[in-house]
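Spelled out from the first residue to the last, the chains are:
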Amino acid sequence: MIIVAIDETDFNIALNILDNLDSQKCMVKIGSVSFNSIGHKIIASAAEKGFEIFLDLKLHDIPNTVKKSIEGLSSLPIKILTIHTSGGKNMMEAATEGAASSAIKVFGVTALTSLSDFDTNEIYRRSASEQVNVMLDLAESASIDGVVCSPHELELVSKRESLLSITPGIRLEKSNDDQKRVMTPKQAIELGADYIVIGRPITKSKNIKESLARIIESLK
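An account of the accompanying structure is given in this report. (Residues numbered from 1 in each chain as written. Predicted model: local features only at pLDDT ≥ 70, side-chain atom pairs only at ≥ 80, totals over all residues. Heavy atoms only, no water.)

Turning our attention to the overall build of the protein chain. Broken down by element type, the protein chain carries 11 helices and 8 strands. Relative to the 2.2 N^0.38 estimate, which gives 17 Å for 220 residues, the radius of gyration of the protein chain is 17 Å and therefore close to what a compact globule would have. Counting only C-alpha atoms, the protein chain reaches 40 × 40 × 30 Å along its principal axes. Residues classed as buried in the protein chain amount to 49% of the 220 residues present. Partitioning the contacts of the protein chain with sequence separation of at least 6, the portion at a separation of at least 24 is 67%. (Helix = DSSP H or I, 4+ residues; strand = E, 2+ residues; numbered from the N terminus. Rg over C-alpha atoms; globule rule 2.2 N^0.38 Å. Buried < 20%, exposed > 50% of the residue type's maximum accessible area, 1.4 Å probe, protein only. Contact = heavy atoms within 4.5 Å.)

Here it is in structure tokens:
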């Protein structure tokens, strides 16, 4: 399943992106950029247009705060939301408790796709794949629904039958942006990604409909 990332602070621009997408062909991701500036309005608009919604807030706090935050979000028409696995097992368990009264699936971010091995060695004293593997152990033990990882760690996730995967860092071609561990849509799907997140290659293109159609065609 393709998830189109909408990271806009202007409601009309975000609405134009939604108008040029097809809810039968993709989900949409609303991250902190749009949620913090536009709020519930963009989620309501996406839901009205029939889109399934991935709310990507990457919650990371003490367990009780994360639980209450998710309880506060559970009335929104969202399918998936994110937390940071580095918050620990207790925080992840609290997150699932917060989502228990809804149909929301909780996914844990393992290591940001903007981090290179140099970065993860500097922060965690281990490579990106080693960090992801440790976070996968925690995610499994906490029984969350899935994880967010770069396409380069999909092979590690495929060994964990209980976990679904969301994969950002998807690019149609080489780029010079802030994503480090990237891959094409087809490569990610072939490695077992359940969901692939694509933002700028679609939303910043001159023809959003055509760009989405081209990506769908590339997966056949």
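Moving on: the side chain of Ser165. Structurally, the position occupied by Ser165 is in strand 7 (residues 164-167). Setting aside residues no more than four positions away along its own chain, Ser165 makes contact with Phe107, Val147, Leu154, Val157, Gly192, Ala193, Asp194 and Tyr195.

Turning our attention to the nonpolar core. Among the nonpolar cores identified, the biggest contains 55 residues, and Leu21, Ile43, Leu55, Leu81 and Ile83 are the most heavily contacted of them. Beyond its immediate sequence surroundings of up to four residues, Leu21 is in contact with Val4, Cys26, Val28, Phe51, Ile202, Ile208 and Leu212. Ranked by size, the runner-up nonpolar core spans 11 residues in total, among them Met27, Ile80, Phe107 and Tyr195. (Core = buried A, V, L, I, M, F, W, Y, C linked by side-chain atoms within 4.5 Å.)

What follows is about the sheet that holds strand 1 (residues 2-6). With parallel pairing, 8 strands are arranged side by side around a closed barrel as 1-2-3-4-5-6-7-8. Averaged over all pairs of adjacent strands, the angle between their axes in this sheet comes to 25°, without regard to strand direction. Where strand 3 (residues 53-59) meets strand 4 (residues 80-84), 3 bridges bridge the pair, whose relative direction is parallel. Bridging across to strand 4, Leu55 finds its partner in Leu81. Lying over the sheet, helix 3 (residues 40-48) contacts strand 2 (27-31) and strand 3, oriented at roughly 155° with respect to strand 3. (Pairing = 2+ DSSP bridges. Axes fitted to C-alpha atoms, helices over the stretch in contact; angles between N-to-C directions.)

So, on to helix 1 (residues 11-19). Taken together, the buried positions of helix 1 are occupied by Phe11, Ala14, Ile17 and Leu18. The buried residues of helix 1 occupy an angular sector of 120° when projected down its axis, which confines them to one face. Of the surrounding elements, those touching the buried residues of helix 1 are strand 1, strand 2, helix 3, helix 10 (200-203) and helix 11 (208-218). The backbone nitrogen of Asn12 lies 2.8 Å from a side-chain oxygen of the residue at the head of helix 1, namely Asp10. (Arc of directions from axis to C-beta. Polar contact = N/O pair within 3.5 Å; in protein donor to acceptor, adjacent residues only side chain to side chain.)

Treat this as a map of the structure, not an account of what it does.
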